[in-house]
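Here is how the chains run, residue by residue.
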Amino acid sequence: MSVTIFTMTHKKFPKPEDPIYMPLHVGRAGAEDYGYAGDHTGDNISDKNCYYGELTGVYWVWKNVRTTDYVGICHYRRYFCTEEGRIFNEKDYLSILKDYDIITSKKLKLNFSYYDGYAGDYNIFDLDTTGEVIKQMYPEYYDTFERLVHGNGTYFGNMMVTSKELYDEYAEWLFSVFAEVEKRIDPSGYDDYHKRVFGFISEFLLYVWVQVKGLKVYECKVGMTTEKYETKQMKENLSEYFLQGDLAGAKEYFLSVLEKRPDVLMEASDITGELKLSMQVIAVCTLERESYGTSVIDRIRQFDELMSYFTKLNEIVSDCSLKQISEEDILFLREQQVTDIAIEASARLFITDEAELNEVVEEIKRSR
């Protein structure tokens, strides 16, 4: 039994040495040649990449690959891996697929319904239209679609490994739905990020399809080999604002990026959590300046040092909420002259009950 994992990419990257991983250049039509196989040959929709994202590669594999028993989709920086972080090899995949129908990413558990989350970041008309098309074309899927769209789960990344037979069945269903949705929506006026309508919605539709089919699913850890370019660039720019102590500029920049790229705060993008920490830096330091006339950023300007400071503070508050605060923690609070504002802001990251929050904050203040 053979396994081929197609690694979707739009740029040069250090590919795994394991020969089961085959780079596939998505959106290859009209793009620079990186020496990889492209999604622009044979039966293809490569020229729709701005709307479909990695799905142009998913389509190409469906229509043009006939020489492998099991087929998979991963990304140039995201791979299925063991809990320890080792990228899967052919033996791993075959072992799992003896007992499971499909390997997917671990299901994301959102703090809100998928529907509400989509409405907050994208044009909800597109998702509503997809539901209407499913109701008309595949009525047996609609009840599950409705139930799950108002639940809090979804897969991410359009990552999967399964038999070529099941893969083709899924692709035929997915692209038939989108062929009709295309006739009813017009994302041409969206910015480059939000244009990828079909790529976003398909992550959720894989979840719907798997549930309706009643497949036995192996939800697998996804490892990141590199940081997302947009995330790295954002951190570099924030670093410059922090060096200047320009909190207003940092906030304005952060919000402008977030409006165009709400995905930057997802765990799959902000893998170090440093963008969320940057939000904390901006909020806390702004409040400190307003209340005290000065803040931690007036004595710590380096990005890495600010990340370390707030990471340590959050660890201390978390320890205290678990009644595990140490002498080392107390020493840090005293030496760093951590303010009441910083303590309370950190506590709100972990504690939702107001009475418990006040108790923890007061305990830290007494310890300090």
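Everything that follows concerns the structure shown earlier in this document.
In every chain, residue numbers begin from 1 and rise along the written sequence. For this predicted model, a pLDDT threshold of at least 70 governs which residues receive local features, and a threshold of 80 or more governs which side-chain atom pairs are given and counted, while totals over whole chains, interfaces and linings are taken from all residues. Water and hydrogen atoms play no part in the side-chain values, which are based on all heavy atoms of the structure.

*Asks:* Help me out: how do you make sense of the pattern of salt bridges in this one?
*Replies:* Oppositely charged side chains can form a pair if their charged atoms are brought close together. The term salt bridge refers to a pairing of a side-chain nitrogen on Lys or Arg with a carboxyl oxygen on Asp or Glu at a separation within 4 Å. Scanning all chains against the criterion turns up 18 salt bridges. Residue D168 pairs with K164 through a salt bridge whose shortest N-O separation is 2.6 Å. Separated by 4 residues within a single helix, D168 and K164 lie in helix α7 (residues 164-182), roughly one turn from each other. Here the two residues D168 and K164 agree in accessibility, since each one is buried. K312 is the partner of E328 in a salt bridge, and the nearest nitrogen-oxygen pair spans 3.7 Å. Here the residue E328 occupies a position in helix α13 (residues 327-335), and K312 occupies one in helix α12 (residues 303-321), the gap between them amounting to 16 residues. Via salt bridges that share partners, E180, K183 and R184 belong to a single interconnected network. Only DSSP runs of H or I covering at least 4 residues are called helices, and only runs of E covering at least 2 are called strands; the numbering of each starts at the N terminus. Relative accessibility decides the category of a residue: with a 1.4 Å probe and only protein chains considered, values under 20% of the type maximum give buried, values over 50% give exposed, and everything between is partly exposed.

*Asks:* Before we go on, may I ask you to explain the packing of α12 against helix α15 (residues 354-367) in this structure?
*Replies:* Geometry of a packed helix pair, given as the angle between the helix axes and the separation of the axes. Packing of α12 against α15 leaves a shortest axis separation of 10 Å and a crossing angle of 110°. The pairing of α12 with α15 is recorded here as roughly perpendicular in orientation. Helix-helix and strand crossings are classified by hand; for α12 and α15 the assignment is right-handed. Between α12 and α15, the contacting residues are V317, C320 and S321 on the first element and V360, E363 and I364 on the second. Think of each axis as a best-fit line through the C-alpha atoms, taken over the contacting stretch in the case of a helix, with angles from 0 to 180 degrees between the N-to-C directions. In this scheme, roughly parallel covers angles under 35 degrees and roughly antiparallel covers those over 145, while 65 to 115 is roughly perpendicular and the rest are oblique. Two helices cross in a left-handed way if the nearer one is turned anticlockwise from the farther one by less than a right angle. They cross in a right-handed way if the turn is clockwise. Should any heavy atoms of two residues lie within 4.5 Å, those residues are considered in contact.

*Asks:* It is not clear to me how helix α4 (residues 114-121) should be interpreted in this structure. Could you clarify?
*Replies:* Residues spaced three or four apart along an α-helix point in a common direction, a consequence of the helix completing one turn every 3.6 residues. Of the residues making up α4, those classed as buried are Y114, G117 and Y118. The arc enclosing the buried residues of α4, seen along the axis, measures out at 100°, which places them on a common side. Every exposed residue of α4 that faces more than 90 degrees away from the buried side is listed here: D116 and G120. Its buried side turned inward, α4 meets α5 (124-137), α6 (139-149), β8 (153-154) and α8 (197-213). Read the arc as the range of directions from the helix axis to the C-beta atoms.

*Asks:* Sorry if this is basic, but what is going on with the environment of H75 here?
*Replies:* Its location among the elements puts H75 in strand β4 (residues 70-75). A residue is classified by how much of its surface remains accessible, and H75, at 10% relative accessible area, is buried. For H75 and M159, which are 84 residues apart along the polypeptide, the C-alpha to C-alpha distance reads 7.8 Å. Beyond its immediate stretch of four places on either side in the chain, H75 contacts T7, M8, E54, G157 and M159.

*Asks:* I'm lost on unusual backbone geometry in this one. Help?
*Replies:* Trans is the common state for peptide bonds, and a negative phi is the common state for residues other than glycine. Even without a glycine there, the phi angle at N158 is positive, about 55°. Assignment of secondary structure puts N158 in the loop between β8 and β9 (160-163). Given a relative accessible area of 2%, N158 falls into the buried group. Despite not being glycine, Q337 has its phi angle at roughly 50°, a positive value. Mapped onto the fold, Q337 is located in the loop between α13 and α14 (340-350).

*Asks:* Explain α5 to me, please; I cannot follow it from the model alone.
*Replies:* Multiplying 1.5 Å by the residue count of a helix minus one yields the expected span of that helix. End to end, α5 covers 20 Å across 14 residues, agreeing with the expected 20 Å (1.5 Å per residue, within 8%). The N-capping residue of α5, defined by a side-chain oxygen 3.0 Å from the backbone nitrogen of F125, is N123. Pairing of N or O atoms within 3.5 Å defines a polar contact, subject to two protein rules: one partner must be a possible hydrogen donor and the other a possible acceptor, and residues neighboring in sequence count only if both atoms are side-chain atoms.

*Asks:* Help me understand the pairing of strand β1 (residues 3-9) in this model?
*Replies:* In summary, the side chains of a regular strand alternate between the two faces of the sheet. Along β1, 7 of the 7 residues are buried, which leaves the element largely enclosed by surrounding structure. Burial along β1 is two-sided: V3, I5, T7 and T9 facing one way and T4, F6 and M8 facing the other are all buried. Alignment of β1 against strand β2 (residues 21-25), held across 5 bridges, turns out to be parallel. Residue pairing in the sheet places T7 in a bridge with P23 of β2. Strands qualify as paired when DSSP identifies two bridges or more between them.

*Asks:* What am I meant to see in the layout of surface pockets here?
*Replies:* Remark: the empty space left among the atoms is shown by a probe the size of a water molecule rolled over them. A volume near 230 Å³ is recorded for the second largest pocket. Points on a 1 Å grid over protein atoms alone make up a cavity when a 1.4 Å probe fits among them but cannot get out, and a pocket when they form an open set with protein on both sides within 12 Å along at least five of seven lines; lining residues each have an atom within 4 Å of a point. Taken together, D191, D192, Y193, R196, E230, Q233, M234, Y253, V257, K260, R261 and V264 form the lining of the second largest pocket. Secondary structure elements with two or more residues in the lining of the second largest pocket: α9 (229-243) and α10 (247-260). Residue composition of the lining of the second largest pocket, grouped by class: 5 nonpolar, 1 polar and 6 charged. Grid points are joined across faces, edges and corners, and a volume is the space filled by probe spheres set on the points. Nonpolar residues are Ala, Val, Leu, Ile, Met, Phe, Trp, Tyr, Cys and Pro. Charged residues are Asp, Glu, Lys and Arg, and all others, Gly as well, are polar.

*Asks:* Sorry if this is basic, but what is going on with the nonpolar core here?
*Replies:* A general tendency of soluble globular proteins is for nonpolar side chains to be buried together. Definition used in this section: a nonpolar core is a set of buried Ala, Val, Leu, Ile, Met, Phe, Trp, Tyr and Cys residues joined via side-chain atoms within 4.5 Å. In this structure, V61, W173, F175 and F178 are the most contacted members of the largest nonpolar core, which totals 55 residues. Residue assignment for this core shows that the elements contributing at least two residues are β1, α2 (55-64), β4, α4, α5, α6, α7 and α8. With 11 residues, α8 is the largest single contributor of residues to this core. When near neighbours in sequence (up to four residues on either side) are disregarded, F175 contacts I45, Y52, L55, V58, Y59 and W62.

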